[in-house]
Amino acid sequence: MADAARSTDRLEALDITRKLAAICGTPFARFAGPADEVAGRIARWVAVPGGPHAAAEVLRLAAAHDLTVVPRGAGTKIDWGAAPAQVDIMLDTGRLAGVWHEPRGAAVAEIGAGTPLRAVQATLARTNRRLPVDAPSPGATLGGVLAADESGPLRHRHGSPCAQLVGVRYLDADGELVSVGESGTEALGRATPGSGGGRASGRGPAGDGGGGAGSGPACAADGFGWGAGGLADGPGWGVGDPAAGAGWGAGGPAGGAGSDPGRSGGDAILGRGEVPGLDVARLLCGSQGGLGVLVSATMRVHAVPAGRLWVSRPVWTPLEVHDLVRAVLAAGVDPAAVELDLPVPVPLPRRRIPPTHPSVVNRPDHPAVTGRPAAGSLVVLLEGGPADVTERAERLTAVLGAEAIVSHHAPEWWGRYPFAPGDTALRIEVPINDLHAAVYALRDATGGPVPVRGSAGAGTVHAALSGALPPERVASILTAVRSVLIARRGRCVVVAAPAAVRRAVDLWGELPTLPRLRSAKAHLDPHHRLAPGRLPGGL
């Protein structure tokens, strides 16, 4: 009886493989291997559809056989967040990419979700434009960045990647293509490009590849949904936790840490809330494929700034960072980014400054006077016209004092995470006035300095705990830090962690928006076919 059952299973598996090959093409459908895993959960099949129509057929096949689907782009964040309960089909979006032709000066561009972010920027640079998106993950696709609502230093001025979104095309759990907001081609008064033979970079992807797959709309799929996500008042979930503000992920509460400056809720993306369906489409941001499969995104584009300068200053204490950030934001220099790096071990000693200097007058014990090694650095990016940037840099150095240095190049750590593979990676979001309290709380809980890096001007930083810490120790640190942050409307989320830690700790902490998340999942994926278990609450 058992042998007969196994034989039946094998026959069914071969049948599904044949059907996937008919949809995607024989070279692009296979049984999964050891490397085809999501946060440690091994897939059964890998399908690489050649276009939106083929991707839709994969989803319909999954529905017909009651199989789960987890999308994968470049895989740069495949181990972030919770492990899915089951991965039957890994929908690899590597063939689904494209950047539409756009005339010089266009304010938006429609981009296939599978397009590597570096390729997007290189294509736009030909017409002196860029996406104001600088996610730290090397090799990430645009869809993957949106899937995790992953932000880099430029978030300070431009908001999260989801804040740049003006339209999306995505596939729902039943394989239906949904288009909401604007597409780049529609916004320019042109028809959507038809099917052809294109790939990425400069033209829309063609129709689907593979036997029996028809052509689809000129768009591409990749990333998916919700980073390690969560539900919020804002556009998505972001990396690791459903909160409010600019994402579901490691976001902070609405109007608090998770919000981008000057933005809140639905209006955070377009400055208006009346675009039909876009509020639902925003939920894809940070969802890690738990609500839909992103096909293409229409994003705002900006002219490449002619001048860029980085103004850096050593810092000794988190409280000093608090005072300096307030001074920078009050100086009227319009920073594009305000980044903090508190590494471990500490850098080499800096030169002393005279005790009569205005920045330390009446503070003879200040470490800049005594020569104590700096704990890290605060760096401000200024962008704009060359003359204007130079003038603003001069004003900023006057504010930051004699230790400030102006450079034409970013520091080596700029736009990089402080954690490495195998570490327990945390994301902390808190109002900027309380960022120092969060850093002190983390130090107290761990018993010493912890590497911290991120957007001090937006109250969003990442921290790294050693992967050698036992799960119970990590759990106690999280409890202590979250108890400090909860009263300050902040959040601490586990972005990534070793498997033992991931299984043992609460990745997201308190989640008041969980009922709304359940409603969203029930509405968009009632049968839990898309990345089941990746979202908070086991959704």
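Residues numbered from 1 in each chain as written. Predicted model: local features only at pLDDT ≥ 70, side-chain atom pairs only at ≥ 80, totals over all residues. Heavy atoms only, no water.

A.B. asks: When you look at the environment of Gly385 in this model, what are you seeing that I'm missing?
C.D. replies: Positionally, Gly385 belongs in the loop between β15 (376–384) and α11 (386–400). Given the relative accessible area of 32%, Gly385 is considered partly exposed. In this structure the C-alpha to C-alpha distance between Gly385 and Pro305, which are 80 residues apart in sequence, comes to 6.8 Å. (Helix = DSSP H or I, 4+ residues; strand = E, 2+ residues; numbered from the N terminus. Buried < 20%, exposed > 50% of the residue type's maximum accessible area, 1.4 Å probe, protein only.)

A.B. asks: Where do I start with the side chain of Thr141 in this structure?
C.D. replies: Here Thr141 is to be found in the loop between β8 (129–130) and α4 (142–148). Overall, Thr141 belongs to the buried group, its relative accessible area being 5%. In this structure the side chain of Thr141 is engaged in a polar contact, spanning 3.0 Å, whose partner is the backbone nitrogen of Gly144. (Polar contact = N/O pair within 3.5 Å; in protein donor to acceptor, adjacent residues only side chain to side chain.)

A.B. asks: Mind showing me how you'd approach a nonpolar patch on the surface here?
C.D. replies: Taken together, the side chains of Leu11, Leu14 and Phe31 present a nonpolar region at the surface, about 290 Å² in accessible area. As for its placement among the helices and strands, Leu11 is situated in helix α1 (residues 2–24). (Patch = residues over 30% accessible without salt bridge, like charges linked within 9 Å, V, L, I, M, F, W, Y side chains within 5 Å. Areas by Shrake-Rupley, 256 points an atom, 1.4 Å probe, with all protein chains shown as cover. Salt bridge = Lys/Arg side-chain N within 4 Å of Asp/Glu carboxyl O.)

A.B. asks: Looking at this model, I keep getting lost on empty space enclosed by the protein. Mind explaining?
C.D. replies: A probe matching the size of a water molecule, rolled over the atoms, marks out where space remains unfilled. Inspection of every chain in the model, using the stated rule, returns six cavities of 30 Å³ or more. The calculated volume of the second largest cavity comes to roughly 170 Å³. Lining the second largest cavity are 17 residues, and of these Ser151, Glu339, Gly454, Ser455 and His462 lie nearest its centre. When grouped by side-chain class, the residues that make up the lining of the second largest cavity number five nonpolar, seven polar and five charged. (1 Å grid on protein atoms, 1.4 Å probe; cavity = no way out; pocket = protein on both sides within 12 Å on 5 of 7 lines; lining within 4 Å. Points joined across faces, edges and corners; volume = space filled by probe spheres on them. Nonpolar A, V, L, I, M, F, W, Y, C, P; charged D, E, K, R; others polar.)

A.B. asks: Which parts of the structure should I look at to understand the environment of Pro343?
C.D. replies: Looking at where Pro343 falls in the secondary structure, it is placed in the loop between β14 (337–342) and α10 (367–370). Along the primary structure Pro343 and Pro449 are separated by 106 residues, whereas in three dimensions their C-alpha atoms are 8.4 Å apart. Ignoring anything within four residues of it in the chain, the contact list for Pro343 reads Ala375 and Gly376. (Contact = heavy atoms within 4.5 Å.)

A.B. asks: When you look at the sheet that holds strand β13 (residues 307–315) in this model, what are you seeing that I'm missing?
C.D. replies: Spatially, eight strands are ordered β16-β13-β15-β14-β18-β19-β17-β20 in an open sheet, and the strand pairing comes out antiparallel. Looking at which strands have only one partner, the edges of the open sheet turn out to be β16 (405–407) and β20 (491–496). Taken over all neighbouring pairs, the strand axes of this sheet differ in orientation by 20° on average, direction set aside. With five bridges joining them, strand β17 (residues 424–429) and β20 adopt antiparallel strand pairing. Within the sheet, the bridge partner assigned to Ala425 lies in β20 and is Ala496. Across the sheet, helix α9 (residues 318–330) touches β13, β14 and β15, and the angle it forms with β13 is around 150°. In the packing of helix α13 (residues 471–486) onto the sheet, contacts are made with β17, β19 (460–465) and β20, and the angle to β20 comes to roughly 145°. (Pairing = 2+ DSSP bridges. Axes fitted to C-alpha atoms, helices over the stretch in contact; angles between N-to-C directions.)

A.B. asks: Where do I start with the packing of aromatic side chains in this structure?
C.D. replies: The description of an aromatic ring pair rests on the distance of the ring centres and on the angle between the ring planes. The tally for this structure, following the rule as stated, stands at six aromatic pairs. A ring pair is formed by Trp80 and Tyr417, whose centres lie 5.7 Å apart and whose planes are at 70°; its orientation type is edge-to-face. With a gap of 337 residues between them, Trp80 in the loop between β5 (69–72) and β6 (89–92) and Tyr417 in the loop between β16 and β17 connect regions that are remote in the sequence. Here Trp80 matches Tyr417 in class, with each residue buried. (Phe/Tyr/Trp six-rings, centres within 6.5 Å; stacked < 30°, edge-to-face > 60°.)

Function-wise, these values are silent; they only describe arrangement.
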